[in-house]
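Per-entry structural report
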Amino acid sequence: MSVVRVAVPIAAESTFDYWVPDSVAAPVGTVVRLRLGRRRCVGVVVAGVPGATRDDGTAIRPIDDVVDVPPIPPDVLALARFIAAYYRVSPGLALALAVPPVGAGRGRAATAPMADRIVLSDDGRRALAALAPRAAASRDLRDRLERAGAGGITCAGLSDADRRRVSAWWRSGWLAEARADFPAPHLPNDAQRAAIEAIDAAAGRYAPLVLQGVTGSGKTDVYAQAAGRAIERGGQVLLLVPEINLTPQLTARFAAALPGRRIVTLHSALADGERRANWIAAARGEAALVVGTRLAVFAPLPRLALVLVDEEHDASYKQQDGVRYNARDAAIWRARERDVPVVLGSATPSLETIEHGRRGRYARLVLPRRADERARPPAVRLVPPDDPQARDGVCGPLWAAIEARLGRGEQSLVFVNRRGYAPSLKCAACGWQAGCPRCAARLVLHREPARLRCHHCGHAERVAPACPDCGNVDLAARGHGTQRLEAALAASYPSARIARIDRDTTRTRGAFDELRRRVAADAVDILVGTQMLAKGHDFPRLTLVGVLGADNALYSADFRATERLAALLFQVAGRAGRAALPGEVIVQTAFASHPVCAALVADDYDTLAGRLLDERRLAQLPPYAHLALLTAEAPAREDVDAFLGDAHRAALGAQAPGGGVTVHDPVPSLLARRADQERGQLVVQSVRRADLAAFLDIWLPALRERPHRRVRWAIDVDPATL
Ligand code: ADP
Ligand code: ZN
Ligand code: ZN
């Protein structure tokens, strides 16, 4: 019997000693099930405790069992330790991100086939031809498979019931893995070839490379070919993507470019069994390419040779709760640890990344033009939102442009960054607005069913027939969400095929992919959607992009709002005119002279980025300073204030020798109350990262000692928003 130290996923002290019988091997990295008090959980062996025996401490308990997965490798353990130290969380919580889903109880068997896309096999087509009329759900799944043809459907997108059906059909041999439905990759153009060569030449050493390519410049082909070369030499490649919705499409493109190579995906929407199987394939070196979201940065990859981060500027790489890590930064750290190149791809690199480039820390690879030779940059027009022809939130020129597309059989995309029918419901007589009873926020009006919904806490209520304050029955929907826009377009063009893509229409699994396929199959004339539509989708017949509500971001108090808006606009604009048909972008804005608008018209992100960097330098904001954000919440405002007041005093006293940290006053959070919790925050700022780290070393332990039992607080290092 021996004693091991195990890290468990809890916030406080997170390592404990357990004993394991001699018959069981539990080296460092082993995933074990154990009991923590009464709670069952999964932990990771982080050290042996030599010399200790069971008799040393009567409190030492045995583990329950060893989970049958490969041990977490040393570099992933090191990554978790780095994240724990850098983002100021317990090692156990950080390490939990690296553990595949194993279930704290019994291990769950895989329930779906280990294929990303499935098609009906010939047997399946015969066997399922005569389904009973009652078997409506089975018939529906079969019909979907029939319709999808050789491209198949994704397993990731299935409901639990369909997943069970698929498992059974798979076992019966009625399904097969789809061949990738994407054409083989293009011959790279000169810019692409130069980028591929540069990535290739960096093999075998740490080299951060920024791949800055305008939308449509063929970054994906560069990733695929660079990956292909690394794999040919026997390496494994990690590709991080910001969104789950992008993984099926990307995976299919890579499958076409890397025939015969095993590609697996890792993201939170996979069924546990599938994610675990993919994780094991990575750990055993069987998977040549791992495509995944944030958490894939922890994938075990014994022969890791190249790390690719697509859309590196994307805010979704930063986790917003729990362990608030940035997966892009973690990927860079891991590449350095493993001595491999890391490619940061984007049309609009983050200001942090650009600044690293300026200082010569990152090399820059540029794809200046769209890869499809027929494609031209879209013509961008800025138009005021209200003109005499404007109705339903859409200005006259945009109506005319949509109509022209309908006449030519081309597609339009109207982008509005608000889901629901209208952002608020207001009394025309007294000015009352429907507000959330639990949050300091307005309720959003939804239709079908008609409800007022809070987008912060999920609260929903019926729409009152009259104003609760004055009894007036004239309540007006204010502003325009995706539903309202869809309705207005449908009323104007009854025969147009309109698809709405937002979180409400894509809630069920697979819905997004289905909609995407409909657009690609030319079965949609007008797309209405939120930012879900901005990224990485390639629709050749889409020639018009309209943008509504962009000005909202210009009013934002967040210091990154302008940078984000720029990235979003460049990305949305990039959806128009990807192939032979020329594209047009119409942005409704009252601020046509704003630098973001000017940059979009001039198709010049770099000049804008330079300007924004100058502003950041003057304001002493990232990347010229480093921030940490202390957030606190409690049911009562005075508890939040008392805690933050205390924290503020402690911060003033926590200056390390030499100081260098600015402590700002506590303020209410932008959303001052959420789900019945009052919220407040305090920012600390330093020009030197080391000063901030030394400060946090003193400050955080002091905070932990203070008895503020009703207050929940957290520290966010390098916060994405303030
Ligand atoms: P990005 O990711 O940079 O926005 P994509 O990789 O999606 O761009 O490529 C945009 C389009 O250009 C795709 O349809 C792709 O197939 C095509 N493409 C990529 N490389 C080439 C090339 N060398 N020649 C012609 N077309 C290309
Ligand atoms: Zn009223
Ligand atoms: Zn709410």
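Calculation criteria
Residues numbered from 1 in each chain as written. Chains lettered and ligands numbered in written order. Predicted model: local features only at pLDDT ≥ 70, side-chain atom pairs only at ≥ 80, totals over all residues. Heavy atoms only, no water. Helix = DSSP H or I, 4+ residues; strand = E, 2+ residues; numbered from the N terminus. Rg over C-alpha atoms; globule rule 2.2 N^0.38 Å. Buried < 20%, exposed > 50% of the residue type's maximum accessible area, 1.4 Å probe, protein only. Contact = heavy atoms within 4.5 Å. Areas by Shrake-Rupley, 256 points an atom, 1.4 Å probe, with all protein chains shown as cover. Lys, Arg positive; Asp, Glu negative; His and termini not counted. Charge placed at Lys NZ, Arg CZ, Asp CG, Glu CD. Donors = N, O, S within 2.8 Å, 3.2 Å for Na, K, Ca; no water. Pairing = 2+ DSSP bridges. Tetrahedral: all angles 85-135°; square planar, octahedral: opposite > 155°, others 65-115°. Expected span 1.5 Å × (residues − 1). Core = buried A, V, L, I, M, F, W, Y, C linked by side-chain atoms within 4.5 Å. Phe/Tyr/Trp six-rings, centres within 6.5 Å; stacked < 30°, edge-to-face > 60°. Lys NZ or Arg CZ within 6 Å of the ring centre and 35° of its normal. Near = heavy atom within 4 Å. Polar contact = N/O pair within 3.5 Å; in protein donor to acceptor, adjacent residues only side chain to side chain. pLDDT = per-residue confidence, 0-100. Salt bridge = Lys/Arg side-chain N within 4 Å of Asp/Glu carboxyl O. Axes fitted to C-alpha atoms, helices over the stretch in contact; angles between N-to-C directions. Parallel < 35°, antiparallel > 145°, perpendicular 65-115°, else oblique. Nonpolar A, V, L, I, M, F, W, Y, C, P; charged D, E, K, R; others polar.

**Quick word on the overall build of the protein chain**
Secondary structure assignment for the protein chain yields 20 helices and 32 strands. The C-alpha radius of gyration of the protein chain comes to 27 Å, within 12% of the 27 Å expected for a compact globule of 722 residues. Taken along its principal axes, the extent of the C-alpha atoms in the protein chain is 85 × 70 × 60 Å. Put simply, the protein chain has 722 residues, and 53% of those count as buried. By sequence separation, contacts in the protein chain at least 24 residues apart represent 75% of the contacts at least 6 residues apart. Within the structure as shown, the protein chain displays about 31100 Å² of accessible surface, and the carbon and sulfur contribution to it stands at 51%. Charge-centre separation for the protein chain: the mean point of 96 positive side chains lies 3 Å from the mean point of 79 negative side chains.

**Describing the coordination of the zinc ion (ligand 3)**
Within the first shell, the zinc ion (ligand 3) binds the protein through C436 (SG), C439 (SG), C454 (SG) and C457 (SG), at distances of 2.2 to 2.3 Å. Every donor residue of the zinc ion (ligand 3) comes from the same chain, spaced as C-x2-C-x14-C-x2-C. The same class applies to C436 as to C439, namely buried.

**Some thoughts on the sheet that holds strand β20 (residues 444-446)**
Pairing is antiparallel across the open sheet formed by three strands, whose spatial order is β20-β21-β22. Strand pairing shows two members of the sheet lacking a second neighbour, β20 and β22 (460-461), which therefore form its edges. Examined bridge by bridge, β20 and strand β21 (residues 451-453) share three bridges and lie antiparallel to one another. Looking across to β21, one finds that V444 is bridged to R453.

**Topic: the coordination of the zinc ion (ligand 2)**
Those donors, C427 (SG), C430 (SG), C467 (SG) and C470 (SG), are the protein atoms that reach the zinc ion (ligand 2), and they lie 2.3 to 2.4 Å from it. Of note is the zinc ion (ligand 2), whose four donor atoms meet at the metal with angles of 104 to 114° in an arrangement that counts as tetrahedral. Expressed as a motif, the donor residue spacing for the zinc ion (ligand 2) is C-x2-C-x36-C-x2-C.

**A closer look at helix α16 (residues 561-573)**
Helical geometry: 3.6 residues make up each α-helical turn, so side chains three or four residues apart lie on a common side. Taking 1.5 Å per residue, 13 residues should reach 18 Å; α16 reaches 18 Å between its end C-alpha atoms and fits that length. Among the 13 residues of α16, eleven are classified as buried, and the element is accordingly described as predominantly covered. Among all positions of α16, only A561, E563, L565, A566, A567, L568, L569, F570, Q571, V572 and A573 are buried.

**Some thoughts on the nonpolar core**
F695 and W699 are the most contacted members of the largest nonpolar core, which has 79 residues in total. Examining the composition of this core, we find that nine residues originate from one element, helix α1 (residues 74-87), more than from any other. Beyond its immediate chain neighbours, meaning those up to four positions away, W699 contacts L630, A647, A650, A651, A654, L682, V684 and I715. Counting 39 residues, the second largest nonpolar core, distinct from the first, contains F415, M532, L533 and V587.

**Description of the pairing of strand β11 (residues 236-240)**
Most of β11 is tucked away, with five of its five residues classed as buried. Alternating positions in β11 separate into two faces, Q236, L238 and L240 on one and V237 and L239 on the other, with burial throughout. Here four bridges tie β11 to strand β13 (residues 289-292), and the two strands are oriented parallel to one another. Each bridged residue has a counterpart across the sheet, and for L240 the counterpart in β13 is G292.

**Quick word on the packing of aromatic side chains**
For the coordinates displayed, the defined rule picks out ten aromatic pairs. Ring centres of F82 and W333 lie 4.8 Å apart, and the angle between their planes is 10°; on these two criteria the pair is classed as stacked. Of this pair, F82 sits in helix α1 while W333 sits in helix α10 (residues 327-338), and the two are 251 residues apart along the sequence. What makes W333 buried here is its relative accessible area of 17%. Between W169 and W174 the ring centres are 6.5 Å apart and the planes differ by 50°, which places this aromatic pair in the tilted class. We classify W169 as buried; its relative accessible area is 6%. With relative accessibility at 25%, the residue W174 sits in the partly exposed group. When the ring centre of Y421 is taken as reference, the NZ or CZ atom of R447 above it lies at 3.9 Å.

**Comments concerning the site of ligand 1**
In the vicinity of ligand 1, 17 residues are found, and the nearest of them are H186, L187, Q192, G216 and D538. In the environment of ligand 1, an oxygen atom lies 2.9 Å from a nitrogen or oxygen atom belonging to the side chain of K219. Considering ligand 1 on its own, with 560 Å² of exposed area, one finds that the protein chains cover 81% of that surface. A total of three residues in the shell around ligand 1 trace back to one element, the largest contributor, which is helix α7 (residues 219-232).

**Examining the confidence of the model for the protein chain**
Averaged over every residue, the pLDDT of the protein chain is 90; the share at 70 or more is 95%. A low-confidence stretch, residues 104-112 (pLDDT under 50), is modelled with 19 contacts involving residues beyond four sequence positions or located in other chains.

**Let's talk about the pattern of salt bridges**
As enumerated under the stated definition, the model contains 48 salt bridges in all. Taking the shortest distance from any N to any O, the salt bridge between D75 and R338 comes out at 2.8 Å. With D75 in helix α1 and R338 in helix α10, the pair connects residues that are 263 residues apart, well separated along the chain. A relative accessible area of 10% means that D75 is categorised as buried.

**Observations regarding the packing of helix α11 (residues 351-358) against helix α18 (residues 605-619)**
Running from N to C, α11 and α18 point in directions that differ by 90°, and their axes come no closer than 10 Å. On the basis of their axis angle, the class for α11 and α18 is roughly perpendicular. On the side of α11, the interface is formed by L351, I354, E355 and R358, while α18 contributes Y605, A609, G610, L612, L613, R616 and R617. Among the residues making up the contact of α11 with α18, the classes are represented as six nonpolar, one polar and four charged.

**A few points about the pairing of strand β27 (residues 584-588)**
Burial analysis of β27 places five of its five residues in the buried class, which makes it a mostly covered element. Burial of the side chains of β27 extends over both faces: E584, I586 and Q588 are buried on one face and V585 and V587 on the other. Across five bridges, strand β17 (residues 379-383) lies against β27 in parallel orientation. Among the inter-strand pairings, L382 is bridged to a residue of β27, identified as V587. Direction of pairing for strand β26 (residues 542-548) relative to β27: parallel, over a ladder of four bridges. Note that in β27 the partner of V545 across the bridge is V585.

**A word on the environment of R500**
Tracing the chain through its elements places R500 in strand β24 (residues 498-501). Residue class for R500 comes out buried when judged on its relative accessible area of 13%. Separated by 26 residues in the primary sequence, R500 and I526 place their C-alpha atoms 8.5 Å from one another. Setting aside anything within four residues of it in sequence, one finds R500 in contact with T482, Q483, E486, T505, L515 and V528. For R500, the side chain forms a polar contact with the side chain of D502, separated by 2.9 Å.

**A word on unusual backbone geometry**
Residue P449 is reached from E448 by a cis peptide bond, and omega for that bond is 0°. Note that P449 resides in the loop between β20 and β21. In this structure, D392 is a non-glycine residue whose phi angle is positive, near 55°. Residue placement: D392 occurs in the loop between β17 and α12 (396-408). Residue classification places D392 among the partly exposed residues on the basis of a relative accessible area of 33%. You will see that E448, though not glycine, has its phi angle at about 50°, which is positive. Of note, E448 is situated in the loop between β20 and β21.

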